[in-house]
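Listed here are the chains, written in short residue letters.
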Amino acid sequence: MRGENYMSLEFPSKSSNEAFARAAVACFAAQLDPTLDELGDIKTAVSEAVTNCIVHAYPDTIGPIILKARILGDNVLDIVVKDRGCGIEDVEQARKPMFTTGGEERSGMGITIMESFMTEFRLTSAKGKGTTVHMKRKIIRRGGKK
């Protein structure tokens, strides 16, 4: 993952690490001088991606989650969240709002939220091999900065 600047983290799929991932990406994204709304969207999208790994990729075990971020030209934040879990059987069905495999307490809106909060969104998955969420967010330059 190359870019103007980058970071890479790996952590276990424990619920306590969702906040860690959100904070790490927020701190990294701060160098782009995002608005609070932009930062909130980024944090929410990362939270959803990591939570999906915890709940769906490793439902009965703890496994690795890989989080990468980089700064691309033109003020773009590029984020990848990857697991090596069970994978998604039907990606198109999983992308539909309200669909979930996580039980009644899950809303089924995670993918929809990620997609709506980011400039670009891509989801790839292979049954038994894991899932990769690739998101980009263009940060609007403020105050005449170039």
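Quick look at the structure, then.

Things to note about the environment of I71
Working step 1: By secondary structure assignment, the location of I71 is in strand β2 (residues 64-72).
Working step 2: For I71, a relative accessible area of 4% gives the class buried.
Working step 3: Separated by 67 residues in the primary sequence, I71 and K138 have C-alpha atoms spaced 9.9 Å apart.

Describing unusual backbone geometry
Working step 1: Positive phi is not limited to glycine here, since D74 has a value of about 65 degrees.
Working step 2: Among the structural elements, D74 can be located in the loop between β2 and β3 (76-83).
Working step 3: Even without a glycine there, the phi angle at N75 is positive, about 60 degrees.
Working step 4: Considering the arrangement of structural elements, one finds N75 in the loop between β2 and β3.

Let's talk about helix α1 (residues 16-29)
Working step 1: In this model α1 runs 21 Å from its N-terminal to its C-terminal C-alpha over 14 residues, within 8% of the 20 Å that 1.5 Å per residue would give.
Working step 2: Burial in α1 covers these residues: N17, E18, A21, A24, V25, A26, F28 and A29.
Working step 3: Packed against the buried residues of α1 are β1 (5-12), α2 (36-57), β2 and β3.

Some points on the nonpolar core
Working step 1: Judged by nonpolar contacts, the single largest core of 34 residues is most densely connected at L77, I79, V81 and M135.
Working step 2: Of all the secondary structure elements, the ones that give two or more residues to this core are β1, α1, α2, β2, β3, α4 (110-117), β4 (120-126) and β5 (130-138).
Working step 3: Residue contributions to this core peak at nine residues, all from α2.
Working step 4: Those residues in contact with M135, other than ones at most four positions away along the chain, are A45, V46, A49, L77, D78, I79, V81, M114, M118, E120 and F121.

Topic: the pattern of salt bridges
Working step 1: The final tally for this structure, using the stated rule, is four salt bridges.
Working step 2: Here D41 ties to R137 by a salt bridge, and the two come within 3.0 Å at their closest N and O atoms. One end of the pair, D41, is in helix α2; the other, R137, is in strand β5, and 96 residues separate them in sequence.
Working step 3: Notably, a salt bridge pairs D74 with K138, separated by 3.3 Å at the nearest N-O pair. Within this pair, whereas D74 is found in the loop between β2 and β3, its partner K138 is found in strand β5, the two being separated by 64 residues in sequence.
Working step 4: By relative accessible area, D74 is classed as exposed at 51%.
Working step 5: The class of K138 is partly exposed, set by a relative accessible area of 30%.

Points about the sheet that holds β4
Backbone-to-backbone hydrogen bonds pair the strands of a sheet. The strands run either parallel or antiparallel.
Working step 1: Strand order in this open sheet of five strands is β1-β2-β3-β5-β4, and the pairing throughout is antiparallel. Of all the strands in the sheet, the pair left with one neighbour each is β1 and β4. Strand-to-strand twist in this sheet, taken as the mean axis angle between neighbours without regard to direction, amounts to 10 degrees.
Working step 2: Pairing analysis gives seven bridges linking β3 to β5, with the strands arranged antiparallel. Within β5, the residue paired with K82 across the bridge is T132.
Working step 3: This element, α1, spans β1, β2 and β3 of the sheet and lies at about 175 degrees to β1.

A word on α4
Working step 1: When we look at burial in α4, the residues that qualify are G110, I111 and M114. One side of α4 holds all its buried residues, which, seen down the axis, span an arc of 95 degrees.

Basis of the calculations
- Residues numbered from 1 in each chain as written.
- Predicted model: local features only at pLDDT ≥ 70, side-chain atom pairs only at ≥ 80, totals over all residues.
- Heavy atoms only, no water.
- Helix = DSSP H or I, 4+ residues; strand = E, 2+ residues; numbered from the N terminus.
- Buried < 20%, exposed > 50% of the residue type's maximum accessible area, 1.4 Å probe, protein only.
- Expected span 1.5 Å × (residues − 1).
- Contact = heavy atoms within 4.5 Å.
- Core = buried A, V, L, I, M, F, W, Y, C linked by side-chain atoms within 4.5 Å.
- Salt bridge = Lys/Arg side-chain N within 4 Å of Asp/Glu carboxyl O.
- Pairing = 2+ DSSP bridges.
- Axes fitted to C-alpha atoms, helices over the stretch in contact; angles between N-to-C directions.
- Arc of directions from axis to C-beta.

Any functional reading would require information beyond the geometric quantities listed.
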